[in-house]
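Structural overview
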Amino acid sequence: MASLIRLHEGICRCTACPLACSRHHAVPGAGPVSARAMLVGEAPGREEDELGLPFVGRSGRFLEMVLAAIGRTRAEFFITSSVKCRPPRNRQPRPGELETCNSLWLSKQVALIRPKLIVCLGRVSAQTFLGTVDLRTQHGTVIIKDRQAYFITYHPAAGMRFPKIREAMIADFSALDRILQKKQS
Ligand code: URA
């Protein structure tokens with residue numbers, strides 16, 4: 001726990017990439033260090049940047065809704081994003097920003113939490129961990145890489161906007177629930 005707190009203090013002071021210049025607050029992530037699964041999104045948005053907390057805006061409410069649909073709450077997961085600072089005007093994080101943030105922070109969070117499963121929320125998160133991923137054909141599936149299991153699904157912002165993706169996410173989360181139950185037993 002102490003080491004996760006120290007890591008998060010480091011994230012809050014980080015100036016390693018240009019995103020540090022425009023952020024109000026870095027958003028390290030939140031949840032128990034003992035979490036069996038991590039949920040990893042793309043990048044903080046406006047509300048997250050204001051509060052320094054992950055998934056507290058509209059995407060976060062949608063995420064809570066799909067979790068509630070499988071009888072779970074955000075409290076059991078460690079939730080974070082691929083980059084810890086909001087990109088200006090919510091543009092996509094750039095490859096260099098993703099690489100820097102992964103090598104300095106995300107990979108260290110994973111090493112400390114040692115989740116049984118990393119849930120990649122969207123393409124940017126999936127690519128951060130796995131390189132090339134085709135969400136259309138691979139969503140709802142588990143990929144093992146270097147002895148770590150990853151579950152692929154869409155980003156809540158896409159689920160919120162597109163009814164087809166919303167349906168797919170709800171089905172993915174039912175599959176996720178079954179996988180988590182197996183990992184608990
Ligand atoms: N989208 C993300 O990927 N992360 C957040 O914290 C909020 C929205």
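Along every chain, residues carry numbers that run from 1 in the direction the sequence is written. For this predicted model, a pLDDT threshold of at least 70 governs which residues receive local features, and a threshold of 80 or more governs which side-chain atom pairs are given and counted, while totals over whole chains, interfaces and linings are taken from all residues. Only hydrogens and water are removed before side-chain values are computed, so all heavy atoms of the structure are retained for them.

Notes on the sheet that holds strand 2 (residues 78-81)
In plain terms, the rule: For two strands to count as paired, DSSP must find a minimum of two bridges between them. Secondary structure elements follow DSSP: runs of H or I no shorter than four residues count as helices, runs of E no shorter than two count as strands, and numbering proceeds from the N terminus. Axis lines are fitted to C-alpha atoms, over the contacting stretch for helices. Their N-to-C directions set the angle, which ranges from 0 to 180 degrees.
What the five strands build is an open sheet, ordered 2-1-3-5-4; its pairing is mixed. At either margin of the open sheet sits one strand with a lone partner, and together these are strand 2 and strand 4 (142-145). Within this sheet the neighbouring strands show an average axis-to-axis angle of 25°, counted without direction. Alignment of strand 4 against strand 5 (residues 148-153), held across four bridges, turns out to be antiparallel. Directly across from valine 142, in strand 5, lies its bridge partner phenylalanine 151.

Re helix 1 (residues 2-13)
Just so we agree on the cut-off: Multiplying one less than the number of residues by 1.5 Å gives the expected span of a helix. Only protein chains enter the accessibility calculation, which uses a 1.4 Å probe; a residue is then buried when its area is under 20% of its type maximum, exposed when over 50%, and partly exposed in between. The arc refers to the directions leading from the helix axis to the C-beta atoms. The contact rule is simple, with two residues in contact once any of their heavy atoms fall within 4.5 Å.
Given a rise of 1.5 Å per residue, twelve residues ought to cover 16 Å, and the 17 Å separating the end C-alpha atoms of helix 1 matches this to within 8%. Residues of helix 1 that are buried include every one of Leu4, Leu7, His8, Gly10 and Ile11, and no others. Buried residues in helix 1, looked at end-on, bunch into an arc of 155°, giving them a common side. Residues of helix 1 that are exposed and angled more than 90 degrees away from the buried face: Arg6 and Arg13. At its buried positions, helix 1 is contacted by strand 2 and helix 5 (95-113).

Quick look at the pairing of strand 5
Across a regular strand the side chains alternate sides, sitting on one face of the sheet and then on the other. Judged by how many residues are buried, strand 5 sits mostly within the fold: six of six residues are covered. Alternating positions in strand 5 separate into two faces, Gln148, Tyr150 and Ile152 on one and Ala149, Phe151 and Thr153 on the other, with burial throughout. Pairing of strand 3 (residues 117-121) with strand 5, which is carried by five bridges, proceeds in the parallel orientation. Directly across from leucine 121, in strand 5, lies its bridge partner threonine 153. Once strand 4 ends, the chain turns through two residues before running back antiparallel as strand 5, passing aspartate 146 with a positive phi of about 45°.

So, the site of the ligand
We count it as follows: Residue proximity to a molecule or strand is established when one non-hydrogen atom of the residue lies within 4 Å of it. We define a polar contact as two N or O atoms separated by no more than 3.5 Å, with the added condition that, inside protein, one atom must be a possible hydrogen donor and the other a possible acceptor, whereas residues neighbouring each other in sequence contribute only through side-chain atom pairs. Accessibility throughout is a Shrake-Rupley quantity obtained with a 1.4 Å probe, and a residue counts as covered only by protein chains that appear here.
The environment of the ligand is made up of Gly41, Glu42, Ala43, Pro44, Glu48, Pro54, Phe55, Ser81 and His155. Interatomic distance of 3.1 Å between a backbone N/O atom of alanine 43 and an oxygen atom of the ligand. Within the backbone of phenylalanine 55, an N or O atom sits 2.9 Å from an oxygen atom of the ligand. For the ligand, whose free accessible area comes to 230 Å², the fraction covered by protein is 95%.

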